[in-house]
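Examining the three-dimensional arrangement
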Amino acid sequence: MSGRQGEKNEEPLPPLGPSPPPKEEIETLREALREQEIKRAALEEALRKRELEIIAIRDAQEKEAAAAAAAETTAYSPQGPRESQFNYPNHLPISRSIADTTTIGRVSERLRSGPAGLSVSDPTIVAIGPYHRHLIDFQQMEDAKSAAMDEFCKAAKQTSDALREKFLELARPARMCYDMDDFTVRGIDHPHFAHMMLLDGCFLLQFMAEMCRDPDDPEEPAGPLMSRPEVHRHIDAIARDLLLFENQIPWLVLRALLEMRPAAVPVVSRFLDRMGTAFHAGNDPVPSSTLSLDQLDEPPMHLLGLFHRRLVGKPEFEDLAVPTLSSVTSTAVELAEMGVKLAAGKTKEFGKMAMAKRVAGPGLYLFGQLSLSPMVLTDLSACWLLNMAAYEQFLGATQADNFAVSSYVSLIALLVNREEDVQELRGKGIVRSAMSDEATLAFYKWASPRLRVGYRYYEVFKQLQEYKQERWVWMAVHGFVYRNIKTIIAVLSGIGVLVGLFKAILSLKQPSGK
């Protein structure tokens with residue numbers, strides 16, 4: 001009996017493995033997950049609404065700026081060159097305030113939205129720096145940036161902790177390079193700002209390194225960053241975004257990374273040379289800039305600043321007061337009447353323009369020639385043109401020979417008032433546009449009143465004034481012949497016919513000799 005009672009009192013064996021949670025706990029977890037999903041969806045919706053509000057505000061500001069531009073009748077005249085109200089040497093560099101450390105600002109409202117919907121200021125696939133980082137559209141590239149940092153650490157033989165420690169020191173001066181009043185800059189704390197600079201800097205250098213691989217080893221496989229689908233599917237868009245004014249990081253960040261990885265220095269030059277081909281014809285050889293990082297008089301502000309400097313070359317300026325331009329002829333037709341021929345410059349240096357005497361015979365310099373460096377105009381090059389112009393506007397008169405790009409675009413705009421003028425520049429090889437004649441004309445006419453001009457612009461018209469003063473008699477004769485060439489040819493042809501008839505009549509009246 002005692003044995004059986006013992007068997008009955010034995011406790012059942014516990015089940016194998018962990019016991020399943022009660023149904024109530026499962027339902028509670030599911031409810032918590034649903035609440036989190038609802039909160040996440042609400043947050044995304046709030047962010048989308050905020051983006052739409054920002055876009056609406058920008059559109060309203062753009063309309064106000066356009067209305068103000070229309071009211072500024074004295075700022076730009078489509079019939080002639082820009083006039084200045086003052087006679088001052090605007091090419092001389094003005095010292096920046098020591099307290100002004102901002103080097104990366106916002107594109108002005110007048111340039112934000114280009115003609116015919118051309119996107120100018122906003123990136124399309126990757127956000128660099130703080131200005132666009134909060135937008136959801138650019139979060140897909142964050143994993144690629146982390147992978148780029150890992151690759152940089154391997155190449156530079158640095159630990160990620162050492163890099164983070166270094167960038168905690170750089171974060172404060174780097175932040176001062178942005179507009180401190182911008183909400184996107186104020187809203188990032190110090191550690192997150194340092195981490196952002198580190199990720200963006202590593203991504204930028206790693207992308208350039210893998211895009212511009214060793215030309216002596218064409219069989220080299222694609223790098224790990226380029227192998228990522230979110231990168232290799234959008235290479236062109238990423239390259240475009242890296243040269244937007246609002247999408248820059250301070251040069252001190254890139255310099256710190258280049259010091260850790262000196263082998264990447266030539267990569268920067270190769271990348272910018274390749275990007276520069278966007279302004280040259282497709283069959284032209286890739287230009288190799290003579291301006292290396294070691295030869296710079298002072299460090300650039302950022303990658304776009306270095307790109308701008310390499311494109312336009314060394315500053316050109318001398319003591320030149322702004323001339324009075326009201327009497328200077330500017331359209332292509334009027335230049336032709338003056339005996340000034342338009343020609344494509346031989347140099348690949350962007351923005352090069354010069355007025356020179358043209359030989360009409362031994363020792364005769366009756367004609368002039370205005371040469372302009374040729375340029376390819378596409379959506380990409382137009383976007384970068386306006387971003388370099390925005391950079392020039394941001395600098396103002398603090399750089400010698402500033403507004404080189406703006407002056408070039410403004411001068412072209414003066415030469416084109418009709419689609420036929422665009423065709424004339426195409427024929428001269430000055431403008432090689434992938435756009436239609438109408439779109440090309442619209443771009444230059446939209447951009448010009450929004451741009452400032454500088455030394456190069458005024459120098460050309462100063463030389464035109466001198467040409468006009470020295471050859472006013474010849475210009476009057478040449479202009480009369482140019483305007484009436486068809487009539488003159490018809491008259492001369494008529495005279496030739498009359499002379500022929502007169503000779504025939506005389507020959508008939510003469511007695512024939514026997």
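Keep in mind it's a predicted model, so treat the numbers as computed, not measured. (Residues numbered from 1 in each chain as written. Predicted model: local features only at pLDDT ≥ 70, side-chain atom pairs only at ≥ 80, totals over all residues. Heavy atoms only, no water.)

1. So, the overall build of the chain
For the chain, the helix and strand inventory stands at 20 helices and 5 strands. Scored against the burial criterion, the 514 residues of the chain give a buried share of 44%. Within the chain, contacts between residues at least 6 apart in sequence are counted, and of these 77% link residues at least 24 apart. Accessible surface, the chain as shown: approximately 27900 Å² in total, 57% of it carbon and sulfur. (Helix = DSSP H or I, 4+ residues; strand = E, 2+ residues; numbered from the N terminus. Buried < 20%, exposed > 50% of the residue type's maximum accessible area, 1.4 Å probe, protein only. Contact = heavy atoms within 4.5 Å. Areas by Shrake-Rupley, 256 points an atom, 1.4 Å probe, with all protein chains shown as cover.)

2. What to know about the packing of helix α11 (residues 265–276) against helix α12 (residues 303–312)
Where α11 meets α12, the closest approach of the two axes is 10 Å, and the angle between their N-to-C directions is 65°. Between α11 and α12 lies a crossing of right-handed hand. On α12, the residues touching Val268, Ser269, Phe271, Leu272, Asp273, Met275 and Gly276 of α11 are Leu303, Leu306, Phe307, Arg310 and Leu311. When the residues that make up the contact of α11 with α12 are grouped by side-chain class, the tally is 8 nonpolar, 2 polar and 2 charged. (Axes fitted to C-alpha atoms, helices over the stretch in contact; angles between N-to-C directions. Left-handed = near helix turned anticlockwise from the far one by under 90°. Nonpolar A, V, L, I, M, F, W, Y, C, P; charged D, E, K, R; others polar.)

3. Digging into the packing of aromatic side chains
Considering all chains together, one arrives at 10 aromatic pairs under this definition. Look at Tyr178 and Phe193: their rings are 6.1 Å apart centre to centre, the planes differ by 80°, and that puts the pair in the edge-to-face class. Here Tyr178 is found in the loop between α5 (160–175) and α6 (183–186), whereas its partner Phe193 is found in helix α7 (residues 190–211), with 15 residues between them in sequence. This pair shows no difference in class: Tyr178 is buried, exactly as Phe193 is. On the numbers, 6.4 Å between centres and 40° between planes, the contact of Phe279 with Phe307 is tilted. With Phe279 in the loop between α11 and α12 and Phe307 in helix α12, this pair connects stretches of sequence that are 28 residues apart. (Phe/Tyr/Trp six-rings, centres within 6.5 Å; stacked < 30°, edge-to-face > 60°.)

4. Description of the nonpolar core
In terms of nonpolar packing, the biggest core is built from 119 residues, with Phe271, Phe307, Leu385 and Tyr444 touching the most fellow members. Aside from chain neighbours lying at most four places away, what touches Phe307 is Leu243, Leu272, Met275, Gly276, Phe279, Trp384 and Met388. (Core = buried A, V, L, I, M, F, W, Y, C linked by side-chain atoms within 4.5 Å.)

5. Overview of the side chain of Arg261
Mapping Arg261 onto the fold places it in the loop between α10 (251–260) and α11. For the buried Arg261, no salt bridge is present, and the opposite-charge side chain at shortest range is Glu210, 7.2 Å distant. Within the structure, the side chain of Arg261 is placed 3.1 Å from the side chain of Gln206, a separation counted as a polar contact. (Lys, Arg positive; Asp, Glu negative; His and termini not counted. Salt bridge = Lys/Arg side-chain N within 4 Å of Asp/Glu carboxyl O. Polar contact = N/O pair within 3.5 Å; in protein donor to acceptor, adjacent residues only side chain to side chain.)

6. Here's the deal with the environment of Met435
Take Met435: it is sitting in the loop between β5 (431–433) and α17 (437–447). For Met435, a relative accessible area of 15% puts it in the buried group. Placed 56 residues apart in sequence, Met435 and Asp379 show a C-alpha to C-alpha distance of 8.1 Å.

7. Concerning the pattern of salt bridges
For the coordinates displayed, the defined rule picks out 16 salt bridges. A salt bridge links Arg133 to Asp200; the shortest N-O distance between them is 3.3 Å. Remark: Asp200 occurs in helix α7 and Arg133 occurs in the loop between α3 (109–112) and α4 (142–156); sequence separation between them is 67 residues. Summarising the burial analysis for this pair, Arg133 and Asp200 share the class buried. The salt bridge partner of Arg240 is Asp241, with a shortest N-O separation of 2.7 Å. Just as Arg240 is buried, Asp241 falls in that class too. In this structure, a network of salt bridges that share partners links the residues Arg106, Arg112, Asp122, Asp182 and Glu246.

8. Here we look at the pairing of strand β3 (residues 367–372)
Most of β3 is tucked away: 5 of the 6 residues are buried. Strand direction decides the pairing type here: strand β1 (residues 340–344) and β3, joined by 5 bridges, are parallel. Counterpart to Ala343 in the pairing with β3 is Ser371. (Pairing = 2+ DSSP bridges.)

9. Some thoughts on helix α15 (residues 404–415)
Between its first and last C-alpha atoms α15 spans 17 Å; for 12 residues at 1.5 Å apiece the expected length is 16 Å, and the two agree. Here α15 lies mainly inside the structure; 12 of its 12 residues are buried. (Expected span 1.5 Å × (residues − 1).)

10. A few points about the packing of α4 against α7
For the pair α4 and α7, the least separation of the axes is 8 Å and the interaxial angle reads 75°. With respect to each other, α4 and α7 are oriented roughly perpendicular. Contacts between α4 and α7 involve Glu142, Ala144, Lys145, Ser146, Ala148, Met149, Glu151 and Phe152 on the former and, on the latter, Leu198, Leu199, Asp200, Cys202, Phe203, Leu205 and Gln206. (Parallel < 35°, antiparallel > 145°, perpendicular 65-115°, else oblique.)

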